[in-house]
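What follows is each chain in one-letter form.
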Amino acid sequence: MDKWIEKIQFYKDKFDEWQSTKWAKGLRISSSVIWNLSLLFLIVCITLGVFAASVGAGYFASLVKEEPLREKKEMRAAVFNYEETSEIYFAGDVYLGKLRTDLERTETKLSAVSPYVLDAVLATEDEYFEVHNGIVPKAIFRGLLQDVTNSDTQTGGSTLTQQLIKNQILTNEVSYERKAKEILLAMRLEHFMTKDEILEAYLNIIPYGRNANGRNIAGIETAAQGIFNVKAKDLNLPQAAYIAGIPQAPFAYTPFRKGGVLKEGEALKPGIERMKTVLFRMKETGYISEEEYNSAINYDITKDFRQPEIVPEDKYPWLTFEIENRVKAILREQFASADGIDPERLKSESKLYDKYDIIAARAVSTGGYRIHTTINKDMYEAMIQVKDQFDTYGHTFTKEVKDPNTGETITQDYPVQVGSMLIENGTGRILSFLGGRDYNLEQLNHATQAVRPIGSTMKPLLVYAPAIEYGVIGAGSPVVDVKLENLGSTTWTKSPQNYTKEQELGIISARDALKTSQNLSTIRLYDLIMDRKPTDFLYKMGFEHIEENEYANHALSIGGMTNGATVEENTNAFGTFANNGQFIDAYMIEKIEDVDGNIIYQHKTEPVQVFSPATSYIITDMLRDVLSDGTAKLAKSRLKFQSDFAAKTGTTQDHNDSWLVGYNPNVSLGVWLGYDYNETLFYMNNRYNHPSVRINMLWSNMMNAMYDVNPDLVDAPNPFPVPKGVVTRSFCGISGLAVSDGCSKAGLVKSDLFNAAAMLPTASDDSLITSSYVVINGNKYRSLDSTPSEFVVQGGYGVNEQFIKRMLGKFGGNASKLFPEKSSFAGNVVSEEVFQADGSPPAAVTATLSGNTITWTDAASPDVVGYRVYQVVNGNRVLAATKLEAENKSFVINGSGQYIIVSVDITGLQSGASNIVSIEEKTPDPPEQVIPPTAPEEGSEEVIIEPTPPETGETTTPVEGEESGTP
């Protein structure tokens, strides 16, 4: 121990001795200075570092000072708020496709993604994902340094968590403020979500360029199906690497151009090279082996690219856009209601409507709804096929128009358009519809959007059914088909006409008037009920374009409308008759589900009682006649099945529109033809059928096609049942009143259906009186005292003046037209109208002789009631025959002589004589010469001599010196 102390002391003495040297003193001073300087530098650096950190922290704090402290629920909701594409389905959950959107996306779960995808994403986008807390500091500083130095190499520094924040909560703005918020929120999000949740969310939101249809896509499932036509869970290694590489430059690396065109050659190389980079990183990070890497590098990825296919809006354009519009309307009202706003306000407040329309449109596009429709896929496609195969639409016009894209003048086709709709009566489901001929030529949906006058299909809806419901008529009640003379209460300047312009059928049954679609009788009947505002029935049946005061327009009764109706509205209304008088509003959207499968909308049927069951059945029974023996007879004859159908046709002014709506107990089918610009369908070029023929053919083709798809639905097995309150009663056919003895004797008793709760023929008929009459131009008039008795029909029945006034009503009319020659009523009934003779003798007629038959021309005078045939004997007239004006103008002569014809008017005045026709007396045959028989010579023939017939001669010379007007 002492030795160690001695050694220490020795070395201390030596050290002291060394320090006392000159050079040791200098070294000591220098080191002291260096040490102090080092300490000073360290203190400065620490101070500057603290200052810089403080400044940086302060700057960072200033960048994020306005960022609110987001709660867990709020951040998770924002992250999981994917803009997912809505999908649409035909009836029966048959997939139709995705609705159009700016960005197509389908959500998927992490468990449904290939492990190759997960490895590729982590190796490429976030190597330290499993261990970091939302950010990687060195990556941030590297990125910051590259940005400050404006380096050509920009490696980025965003983790998957940061990318999720940028896409779902913040924006893509390039700024330090946004980056600072991103860092802060990423660190916070890591406390609120698991790593799997973050990775799943990232895979659902990241963009992947375009798919094979040219649409912008996002999300791994959408990318897998849109690029390779496989599910995300089935992606192989090269496919996974290709997709994982796309997000760095989506539109450079995607294999498809806008429009779904596959890139070629050099344009594909960037994406393939990026795939190889991803594979290399996967190898370097240990996710795949060298062998897997080499195999994937040599894989021909181009053979896996999906072939473009037609998107729903291209294959079914009218259908997809119609579905989109209807879903938008549903959501518009739902969003308004959720905000405490009455949806009815949207109809009158345009700004409010626009606000919720934008919200609804965005929701439809990005809400990821599953939209289930009522459209039967096979029926819809069958309807399109019928449309394409029908070849007698009519003439296609052309017009010069300006191309909206180029401004150049081009020739545009304007063909006959078509609209149709099939509705299931009992539910209101729209099973199929046809929007037009060619969507690329005309986008207007002619089944649901085009508003057109509905012509005579209006008659049962507005006139006949209401009249039965009001108790004004029964099915067979008489109506008056005579031209209107007093037009003061109408807007017409000249009397309206039937389809056949000069036609006046007189008193006919309501059934016949509807069957043959008579205008005059319909107008007169409507006038009897107009003050009750029967348009209220139309409103109940869903007609949205009838103006409030339009009921006062008599033309509305025959389809003369200010606006019109759609095919959907018109077809839907006829279904009311099939549903025992209940209107069931047609619909196309069955239900809507959100992304989680929750039903947010389910259609509910809400029937509206419009007519009584009895009225509906009676109208149906009347409309059966339209198919059996009326304007739709051709359509029924072409059906391949026999069902209990009722129907009505309709034609508008100048044949601009042609309609046929028919229904059976199960379905209603409406079809319309017309031009978009009100050109007449009746284009006479000897190629196309009459418009009514075309519509009959097209309707039957459509119905047959629907039957082929679903015969059990379309061919209703049972007829319409007869409801309580429908009774059959007899009545006097000309008055509609109870049968009287005179009516029975006159043979005027009819029987038909009545709505017992509304009307029964109880008051006895008192319209008939005994009468004699004459016939002039097919019409019956009361005979005058001066009328020659041989031209008077005795023992007939006339009607009293009160009856005439009641039937003609305020419109008046020619009473003689009440019972024209071809009246459907049996018996000799006249209107008691007195014919106003002109007071002048009739004009002479011209006679001709053919063989032994005399014929003569019609008298030019309007008041002629008959003709007298005279034989002229020694200058005197001998009456040979009389002929009524309504009979054939011919007479067979028995024997020779000269004859003339005179015409006689209702007052007894007689015309001058016609030209003379004569037939000469036959010359007696000579006596037959008798030759005694002799034996013929051998070899000779027997000769028989025939007698020669006499010759006849005819002359036609006028009689001179006769005065006209001689009785």
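Residues numbered from 1 in each chain as written. Predicted model: local features only at pLDDT ≥ 70, side-chain atom pairs only at ≥ 80, totals over all residues. Heavy atoms only, no water.

**Thoughts on the overall build of the chain**
Moving on, step 1. When helices and strands are tallied, the chain shows 28 helices and 33 strands.
Moving on, step 2. Out of the 967 residues belonging to the chain, those deemed buried represent 49%.
Moving on, step 3. The long-range fraction of contacts in the chain, counting pairs at least 24 apart against all pairs at least 6 apart in sequence, stands at 71%.
Moving on, step 4. When the accessible surface of the chain is summed, it comes to about 47,800 Å², and 51% of that surface belongs to carbon and sulfur atoms. (Helix = DSSP H or I, 4+ residues; strand = E, 2+ residues; numbered from the N terminus. Buried < 20%, exposed > 50% of the residue type's maximum accessible area, 1.4 Å probe, protein only. Contact = heavy atoms within 4.5 Å. Areas by Shrake-Rupley, 256 points an atom, 1.4 Å probe, with all protein chains shown as cover.)

**Points about the side chain of Lys515**
Moving on, step 1. Mapped onto the secondary structure, Lys515 falls in helix 19 (residues 510-515).
Moving on, step 2. What makes Lys515 buried here is its relative accessible area of 14%.
Moving on, step 3. If sequence neighbours within four positions are ignored, Lys515 has contacts with Asp625, Val626, Asp629, Gly630 and Thr631.

**Overview of the pattern of salt bridges**
Moving on, step 1. This structure, assessed with the given rule, holds 42 salt bridges.
Moving on, step 2. One salt bridge connects Lys195 with Glu190, and the closest N-O pair in it is separated by 3.1 Å.
Moving on, step 3. The shortest N-O distance in the salt bridge between Lys633 and Asp629 comes to 3.9 Å.
Moving on, step 4. Residue classification places Lys633 among the partly exposed residues on the basis of a relative accessible area of 43%. (Salt bridge = Lys/Arg side-chain N within 4 Å of Asp/Glu carboxyl O.)

**Points about helix 17 (residues 377-389)**
Moving on, step 1. Between its terminal C-alpha atoms helix 17 stretches 18 Å, which fits the 18 Å expected from 13 residues at 1.5 Å a residue.
Moving on, step 2. Elements that come into contact with the buried residues of helix 17 comprise helix 15 (317-338), strand 9 (417-424), strand 10 (430-434), strand 19 (667-674), helix 25 (691-709) and helix 26 (711-714).
Moving on, step 3. The backbone nitrogen of Asp378 has a side-chain oxygen 3.1 Å away, supplied by the residue at the start of helix 17, namely Asn376. (Expected span 1.5 Å × (residues − 1). Polar contact = N/O pair within 3.5 Å; in protein donor to acceptor, adjacent residues only side chain to side chain.)

**As for the state of the cysteines**
Moving on, step 1. Scanning the entire structure with this criterion turns up 1 disulfide.
Moving on, step 2. Two residues, Cys732 and Cys743, share a disulfide whose sulfurs are 2.5 Å apart. Disulfide Cys732 to Cys743: torsion about the S-S bond roughly 105°, handedness right-handed. Separated by 11 residues along the polypeptide, Cys732 in strand 20 (residues 726-732) and Cys743 in helix 27 (residues 741-745) bring together distant segments of the chain.
Moving on, step 3. Assessed through its relative accessible area of 0%, Cys743 is described here as buried. (Disulfide = S-S within 2.5 Å.)

**Looking at the packing of aromatic side chains**
Moving on, step 1. Per the counting criterion, the structure on display carries 27 aromatic pairs.
Moving on, step 2. With centroids separated by 5.8 Å and ring planes inclined at 20°, the aromatic side chains of Phe228 and Phe305 adopt a geometry described as stacked. Of this pair, Phe228 sits in helix 9 (residues 220-228) while Phe305 is found in the loop between helix 13 (290-297) and helix 14 (312-315), placing the two residues 77 residues apart along the sequence. Both residues of the pair, Phe228 and Phe305, belong to the buried class.
Moving on, step 3. Each residue in the set Tyr470, Phe537, Phe574, Phe577, Phe611, Tyr663 and Phe720 is aromatic and connected to the rest through ring pairs, giving one cluster. (Phe/Tyr/Trp six-rings, centres within 6.5 Å; stacked < 30°, edge-to-face > 60°.)

**Observations regarding the sheet that holds strand 30 (residues 890-892)**
Hydrogen bonding along the main chain pairs the strands of a sheet, whether they run parallel or antiparallel.
Moving on, step 1. With antiparallel pairing, 3 strands are arranged side by side in an open sheet as 26-27-30. Looking at strand neighbours, the two that pair on one side only are strand 26 (847-850) and strand 30, the edges of this open sheet. Put simply, the sheet's adjacent strands are angled 20° from each other on average, direction ignored. (Pairing = 2+ DSSP bridges. Axes fitted to C-alpha atoms, helices over the stretch in contact; angles between N-to-C directions.)

**Points about the packing of helix 6 (residues 160-168) against helix 8 (residues 195-205)**
Moving on, step 1. Contact pair helix 6 / helix 8: the axes reach a minimum separation of 10 Å and the direction vectors enclose 50°. Looking at the two axes, helix 6 sits oblique to helix 8. Crossing of helix 6 over helix 8 shows left-handed handedness. Contacts between helix 6 and helix 8 involve Leu160, Thr161, Gln163, Leu164, Asn167 and Gln168 on the former and, on the latter, Ile198, Leu199, Ala201, Tyr202 and Ile205.
Moving on, step 2. Looking at the contact of helix 6 with helix 8 residue by residue, the classes come out as 7 nonpolar, 4 polar and no charged. (Parallel < 35°, antiparallel > 145°, perpendicular 65-115°, else oblique. Left-handed = near helix turned anticlockwise from the far one by under 90°. Nonpolar A, V, L, I, M, F, W, Y, C, P; charged D, E, K, R; others polar.)

**Topic: the sheet that holds strand 3 (residues 104-105)**
Moving on, step 1. Across the sheet, which stays open at both edges, the 3 strands sit in the order 3-5-4 with mixed pairing between neighbours. If you trace the sheet from one side to the other, it starts and ends with strand 3 and strand 4 (207-210), each paired once.
Moving on, step 2. Here 2 bridges tie strand 3 to strand 5 (residues 216-218), and the two strands are oriented parallel to one another. Across the sheet, the residue bridging to Glu104 is Ile217, located in strand 5.

**What about the packing of helix 15 against helix 16 (residues 350-366)?**
Moving on, step 1. Close contact between helix 15 and helix 16 brings their axes to 8 Å; oriented N to C, the two are set at 120°. Judged on the interaxial angle alone, helix 16 and helix 15 are oblique. Where helix 15 crosses over helix 16, the handedness of that crossing is right-handed. Residue-level inspection shows Glu324, Val327, Lys328, Leu331, Arg332, Phe335 and Ala336 of helix 15 in contact with helix 16, the latter providing Tyr353, Tyr356, Asp357, Ile359, Ala360, Ala361, Ala363 and Val364.
Moving on, step 2. In terms of residue class, the contact of helix 15 with helix 16 is made up of 11 nonpolar, no polar and 4 charged.

**Observations regarding the environment of Leu884**
Moving on, step 1. Here Leu884 is to be found in strand 29 (residues 876-884).
Moving on, step 2. Separated by 20 residues in the primary sequence, Leu884 and Val864 place their C-alpha atoms 9.1 Å from one another.
Moving on, step 3. If sequence neighbours within four positions are ignored, Leu884 has contacts with Glu790, Phe791, Val865 and Gly866.

**A word on the pairing of strand 7 (residues 397-402)**
Moving on, step 1. In terms of strand pairing, strand 7 meets strand 8 (residues 409-414) through 6 bridges, oriented antiparallel. Each residue of the ladder has a partner; that of Phe397, found in strand 8, is Tyr414.
Moving on, step 2. Adjacent in sequence and paired antiparallel, strand 7 and strand 8 are bridged by 6 residues, among which Gly407 carries a positive phi angle near 80°.

**Things to note about the side chain of Asn519**
Moving on, step 1. Of note, Asn519 is situated in helix 20 (residues 519-529).
Moving on, step 2. At 2.9 Å, the side chain of Asn519 and the backbone oxygen of Gln497 are in polar contact.
Moving on, step 3. Discounting residues that sit within four places of it in the chain, Asn519 has contacts with Ser456, Lys459, Gln497, Asn498, Tyr499 and Ile558.

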